[in-house]
Amino acid sequence: MSTVRTAPDWFQWSVFPLIMGAGLYSSWVLMQTGMDPGLAIFGPQLGGILLVALAERLYPYHESWLHSHQDIRVDAVHTLTLGLSSALVNPFVISGGVLVAGWLSSRFNIGLWPRDWPLALQIVLALLVGEFPGYWVHRWQHVWDGLWRFHSVHHSAPRLYWLNAGRFHVVDLMMTYIPTYLLLAVVGCPGEVIAFFGLVTAIHGIFQHSNLQLRLGPLNWFFSMAELHRWHHSRTIDEANTNYGQTCSVWDWVFGTRFLPSDREPPRDIGIADLPNFPMTWWAQVLAPFRWQRVKQESRARTH
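Description of the structure in this document. Being a predicted model, the structure only gives us computed values, none of them experimental.

The next subject is the overall build of the protein chain. Each helix and strand counted, the protein chain has 13 helices and zero strands in total. Going residue by residue from the N terminus, the α and β elements of the protein chain occur as α-α-α-α-α-α-α-α-α-α-α-α-α. Relative to its length of 304 residues, the protein chain is compact, with a C-alpha radius of gyration of 19 Å against a globular reference of 19 Å. Taking the principal axes of the C-alpha coordinates as reference, the protein chain spans close to 65 × 45 × 35 Å. Nonlocal contacts in the protein chain, meaning residues at least 24 apart in sequence, comprise 74% of its contacts between residues at least 6 apart.

With that out of the way, let us pick up the nonpolar core. Core analysis: the biggest nonpolar cluster contains 47 residues, and Phe207 and Leu214 have the highest contact counts within it. Counting residues per element, the ones that place at least two in this core are α1 (9–32), α3 (42–58), α4 (72–108), α5 (119–141), α7 (170–186) and α8 (191–208). In this structure, Leu214 is in contact with Gln12, Val15, Phe207, Met225, Ala226 and Glu227, ignoring residues within four places of it in sequence. Counting residues in each nonpolar core, the second largest holds eight residues, with Ile272, Leu275, Ala288 and Trp292 among its members.

A separate point is the state of the cysteines. Taken as a whole and judged by the stated rule, the model has zero disulfides. You can see Cys189 has no disulfide; the closest cysteine sulfur is in Cys248, sitting 13 Å from it. Accessibility expressed as a relative area gives 7% for Cys189, which makes it buried. What makes Cys248 buried here is its relative accessible area of 1%.

The next thing to look at is the packing of aromatic side chains. Per the stated rule, a full pass over the model turns up 20 aromatic pairs. A ring pair is formed by Tyr135 and Phe255, whose centres lie 5.6 Å apart and whose planes are at 20 degrees; its orientation type is stacked. Here Tyr135 is found in helix α5, whereas its partner Phe255 is found in the loop between α11 (250–254) and α12 (282–287), with 120 residues between them in sequence. Taking the relative accessible area as the measure of exposure, Tyr135 reaches 1% and is therefore buried. Ring geometry for Tyr181 against Phe197: centres 5.5 Å apart, planes inclined by 80 degrees, an arrangement best described as edge-to-face. Residue Tyr181 is located in helix α7, and its partner Phe197 is located in helix α8; the two are separated by 16 residues in the primary sequence. Judged by its relative accessible area of 2%, Phe197 is buried. An aromatic cluster is built from Phe132, Tyr135, Trp136, Trp140, Tyr244, Trp251 and Phe255, whose rings are joined through pairwise contacts. Just above the ring of Tyr161 sits the side chain of Arg159; from NZ or CZ to the centre is 3.7 Å.

A contiguous nonpolar surface patch, about 490 Å² in accessible area, is contributed by Phe132, Trp221, Trp253, Val254 and Phe255. The class of Phe255 is partly exposed, set by a relative accessible area of 32%.

Put simply, helix α6 (residues 145–155) and α7 touch, their axes get as near as 7 Å, and they point 115 degrees apart. The angle between the axes of α6 and α7 places the two elements in the roughly perpendicular class. α7 is crossed by α6, and the crossing has left-handed handedness. Contacts from Leu147, Phe150 and His151 in α6 reach Val171, Asp172 and Met175 in α7. Here the residues of the contact of α6 with α7 sort into four nonpolar, one polar and one charged.

The rules behind these values
- Residues numbered from 1 in each chain as written.
- Predicted model: local features only at pLDDT ≥ 70, side-chain atom pairs only at ≥ 80, totals over all residues.
- Heavy atoms only, no water.
- Helix = DSSP H or I, 4+ residues; strand = E, 2+ residues; numbered from the N terminus.
- Rg over C-alpha atoms; globule rule 2.2 N^0.38 Å.
- Contact = heavy atoms within 4.5 Å.
- Core = buried A, V, L, I, M, F, W, Y, C linked by side-chain atoms within 4.5 Å.
- Buried < 20%, exposed > 50% of the residue type's maximum accessible area, 1.4 Å probe, protein only.
- Disulfide = S-S within 2.5 Å.
- Phe/Tyr/Trp six-rings, centres within 6.5 Å; stacked < 30°, edge-to-face > 60°.
- Lys NZ or Arg CZ within 6 Å of the ring centre and 35° of its normal.
- Patch = residues over 30% accessible without salt bridge, like charges linked within 9 Å, V, L, I, M, F, W, Y side chains within 5 Å.
- Areas by Shrake-Rupley, 256 points an atom, 1.4 Å probe, with all protein chains shown as cover.
- Salt bridge = Lys/Arg side-chain N within 4 Å of Asp/Glu carboxyl O.
- Axes fitted to C-alpha atoms, helices over the stretch in contact; angles between N-to-C directions.
- Parallel < 35°, antiparallel > 145°, perpendicular 65-115°, else oblique.
- Left-handed = near helix turned anticlockwise from the far one by under 90°.
- Nonpolar A, V, L, I, M, F, W, Y, C, P; charged D, E, K, R; others polar.

So this is what it looks like as structure tokens:
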């Protein structure tokens, strides 16, 4: 019998907006003191991660997802690797985008980004613009085997909890990261807004994969939160090939891939149905896309 405590309504409805709002406000205050935007979001981002991890222990969505599935070490190494990779690549991507934006401005004498808009609206616009290439890359990853071999690492997770928000192959990350941040820089998105974009996507990503009781209601039409994303990790293909939004669900409902049934709960048993023998160590997962036929053969052998 389950011993999970039911979270009070006020908690389920407020935990995401409160932690996200606190992170945004704290970063804004630090920026007002003159701190570099990239540094200003670092502390609030870590604080948001810590609060979600603690909240999972208090009000978990599934009790079974609280316990290790021999996945903590591999998720931790993936998270550290991706953090380092994005930190190294980000300056080059942004610089390249700024150069292109400068050329467009001098060539056509136009400024594409509405810098006179209120900051909050600029952040919303950045989420919509930045998510567009990410949506399509993610969608293609689920239909083209050449991309799926990298993205499958993320879907190999046997449970959803805060740390596996970082379970991504570095090639998978760059396929989404580079076009997203490059596009924002090209259209002239200010550095401060790009930093807030990064903060929102980071905190949202932790919530999106969290083992936490929460509800967003109408906000699920904008955010691709856990209520939608749990279906994306289903072992049933028709359910998994939906809800491609990394942070926003807007492009999912625009292009008809949003999925949130009201007649049943998302599955507890998640993963990749046709790859039951997917490697579960970090180094093996890094190599898996480059020995893809072998990975598939090993899984076929297990099912026969």
